[in-house]
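Inside the fold
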Amino acid sequence: MLGFTFENLDIKNLTQDQFIAIRKAVPLHGVVVIKNQNLCEEDLIAFTHKFGTPVLLPEALRFNNTKREHPELARVSNILPDGTLLKDHTAAEYWHSDGDFWQPGQNYIFNVLYSLIVPKVGGDTGFVDLELAYNSLSEDLKKKIENLEITVSCDEIPDFKDIKPEDRQPDALHRIKHEHIETKKIGLYLGHLFAKLNDLAPAESDTIMGQLTQAIENPANQYVHKWSVGDVLIWDNTAVMHRGMGGYQNFKRLLFRTQAFIEPMK
Ligand SMILES: [Fe+2]
């Protein structure tokens with residue numbers, strides 16, 4: 001089942017059992033929400049370290065985080081650190097998995113988002129359950145994609161447009177019928193929906209990606225999170241795809257984001 005909410009937890013003071021319950025819930029439910037948190041940047045970073053080694057992205061991917069002492073943190077916002085509002089800002093408003101440019105196995109990454117300013121309208125974050133999406137395919141389509149692969153290149157990812165050449169990662173090859181490294185559930189893994197399927201003629205690749213896109217875009221396979229201030233939301237990038245749903249016009253929006261490489265639990 002996509003999405004699980006914990007109430008009455010303080011992530012600054014978790015018992016080991018409480019942390020294990022959160023950790024186990026993330027790949028099982030894809031998305032976990034913990035309500036009513038009150039955190040500083042260091043609290044969020046400390047919480048992220050509990051899951052695994054934080055992902056340190058090149059500076060161009062930290063989205064205006066100017067604090068060099070917090071390389072783990074990115075600001076997801078239309079407000080610059082000096083308070084300037086970025087007019088008509090859009091970000092990540094397309095279905096994707098963060099970390100799809102890492103090699104298989106290295107791409108088992110959890111994201112943590114902490115909400116500080118919620119716009120009056122819009123600004124939701126959408127998630128699609130990749131197991132549900134796979135199960136919704138016809139048997140014929142499941143057979144067709146059984147051994148298909150995508151190659152993810154940093155050159156195709158919009159967020160990479162400003163990074164230095166030395167920060168580009170080698171291309172990553174992923175099977176699109178994906179066995180989750182921990183839960184062993186079968187789901188789709190597409191990286192992003194403009195990926196080309198390897199070893200197919202462009203027209204056939206487009207046809208199959210079109211059919212897979214329908215499964216991703218089907219609201220029956222999705223959960224759309226409406227943010228409240230103080231929400232901490234954790235997701236598994238190999239169990240769900242996500243996107244910004246936009247529509248916040250020029251209302252202020254601020255979330256902090258961290259990511260961690262995850263070791264599968266036994
Ligand atoms: Fe993302």
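Structure report, in brief. (Residues numbered from 1 in each chain as written. Predicted model: local features only at pLDDT ≥ 70, side-chain atom pairs only at ≥ 80, totals over all residues. Heavy atoms only, no water.)

So, the overall build of the protein
For the record, the criterion: Only DSSP runs of H or I reaching four residues or more are called helices, and only runs of E reaching two or more are called strands; each is numbered from the N terminus. Atoms counted for the radius of gyration: C-alpha only. Globule rule: 2.2 Å times residue count to the power 0.38. Note on exposure labels: buried denotes an accessible area under 20% of the residue type's maximum, exposed denotes more than 50%, and partly exposed covers the range between, all computed with a 1.4 Å probe on protein chains only. All tallies of charge rest on Lys and Arg as positive and Asp and Glu as negative; His and the ends of each chain are not included. Lysine's charge is taken at NZ, arginine's at CZ, aspartate's at CG and glutamate's at CD.
Within the protein, the regular secondary structure consists of 5 helices and 14 strands. Computed over its C-alpha atoms, the radius of gyration of the protein comes to 18 Å, within 12% of the 18 Å expected for a compact globule of 266 residues. Principal-axis analysis of the C-alpha atoms gives the protein an extent of 50 × 40 × 35 Å. The buried share of the protein, taken over its 266 residues, is 52%. Put simply, the protein has 28 plus and 37 minus side-chain charges, and the middle of one group is 3 Å from the middle of the other.

Comments concerning the side chain of Arg75
The following threshold applies: By definition here, a salt bridge exists when the distance from a side-chain nitrogen of Lys or Arg to a carboxyl oxygen of Asp or Glu is within 4 Å. Within 3.5 Å is the distance limit for a polar contact, defined as a pair of N or O atoms, with the added protein rule that one can donate a hydrogen and the other accept it, and that residues adjacent in sequence qualify only through two side-chain atoms.
Among the structural elements, Arg75 can be located in strand β4 (residues 74-77). Buried charge without a partner: Arg75 forms no salt bridge, and the closest opposite charge is Glu41, 6.4 Å away. For Arg75, the side chain forms a polar contact with the main-chain oxygen of Ile79, separated by 2.7 Å.

Digging into the coordination of the iron ion
Rules: Coordination here is defined by N, O and S atoms within 2.8 Å of the metal (3.2 Å for Na, K and Ca), and since water is not considered, a site can look incomplete.
Taken together, the protein ligands of the iron ion are His96 (NE2), Asp98 (OD) and His242 (NE2), with distances of 2.2 Å. Coordination of the iron ion draws on donor residues from a single chain, spaced H-x1-D-x143-H in sequence. With His96 in the loop between β4 and β5 (109-117) and His242 in strand β13 (residues 240-244), this residue pair connects regions lying 146 residues apart in the sequence. No difference in accessibility class separates His96 from His242, as the two residues are buried.

Overview of the environment of Leu85
Test applied: Contacts are assigned to residue pairs that have any heavy atoms within 4.5 Å of one another.
In this fold, Leu85 is placed in the loop between β4 and β5. Counting along the chain gives 169 residues from Leu85 to Leu254, while the straight-line C-alpha distance between them is 11 Å. The residues contacting Leu85, other than those within four sequence positions of it, are Asn78, Asn250 and Lys252.

Things to note about the packing of helix α1 (residues 16-29) against helix α2 (residues 41-51)
The condition is simple: An axis is simply a line fitted to the C-alpha atoms; with a helix, the fit covers only the stretch in contact. Between two such axes, the angle follows the N-to-C directions and lies from 0 to 180 degrees. Working rule for angles: under 35 degrees goes down as roughly parallel, over 145 as roughly antiparallel, 65 to 115 as roughly perpendicular, anything else as oblique. In the scheme used here, Gly and all other residues not listed as nonpolar or charged are polar, with Ala, Val, Leu, Ile, Met, Phe, Trp, Tyr, Cys and Pro taken as nonpolar and Asp, Glu, Lys and Arg as charged.
Between α1 and α2, the shortest axis-to-axis distance is 11 Å and the interhelical angle comes to 70°. Here α2 runs roughly perpendicular to α1, going by the angle between their axes. Along the contact surface, α1 presents Phe19, Ile22 and Arg23, while α2 presents Phe47, Lys50 and Phe51. For the contact of α1 with α2, the residue count by class is 4 nonpolar, no polar and 2 charged.

Some remarks on the sheet that holds β13
For the record, the criterion: Strands qualify as paired when DSSP identifies two bridges or more between them.
Sheet architecture is open: 3 strands sit in the order β11-β6-β13, paired in antiparallel fashion. Each edge of the open sheet is held by one strand with a lone partner, namely β11 (222-225) and β13. On average, adjacent strands in this sheet sit at an angle of 20° to one another, irrespective of strand direction. Looking at chain direction, strand β6 (residues 125-129) and β13 are connected through 5 bridges and run antiparallel. The residue of β13 that forms the bridge with Val128 is Met241.

Examining the pattern of salt bridges
Going through the model one piece at a time under the given rule, you end up with 11 salt bridges. Between Arg257 and Asp98 there is a salt bridge, with its nearest N and O atoms 3.6 Å apart. In this pair, Arg257 sits in strand β14 (residues 254-262) while Asp98 sits in the loop between β4 and β5, placing the two residues 159 residues apart along the sequence. The exposure class assigned to Arg257 is buried, which follows from its relative accessible area of 9%.

Here we look at the packing of aromatic side chains
The test is simple: Stacked, tilted and edge-to-face are the three classes assigned to paired rings of Phe, Tyr and Trp, where Trp is represented by its six-membered ring and a pair needs centres within 6.5 Å; plane angles under 30 degrees give stacked, over 60 edge-to-face, the rest tilted. A ring is considered to have a charge above it if a Lys NZ or an Arg CZ atom is located within 6 Å of its centre and within 35 degrees of its normal.
A full pass over the atoms with the stated rule returns 9 aromatic pairs. Measuring from centroid to centroid gives 5.0 Å for Phe4 and Phe6, while their planes differ by 65°, and the two rings are edge-to-face. Residue class for Phe4 comes out partly exposed when judged on its relative accessible area of 32%. Aromatic pair Phe101 and Trp102: ring centres 5.3 Å apart, planes at 40°, arrangement tilted. Residue classification places Phe101 among the buried positions, given a relative accessible area of 9%. Taken together through their ring pairs, the aromatic side chains of Phe19, Phe47, Phe51, Tyr108 and Phe110 make up a single cluster. Above the ring of Tyr248, the side-chain terminus of Arg253 is found at 5.2 Å from the ring centroid.

The analysis is restricted to geometry; functional conclusions fall outside its scope.
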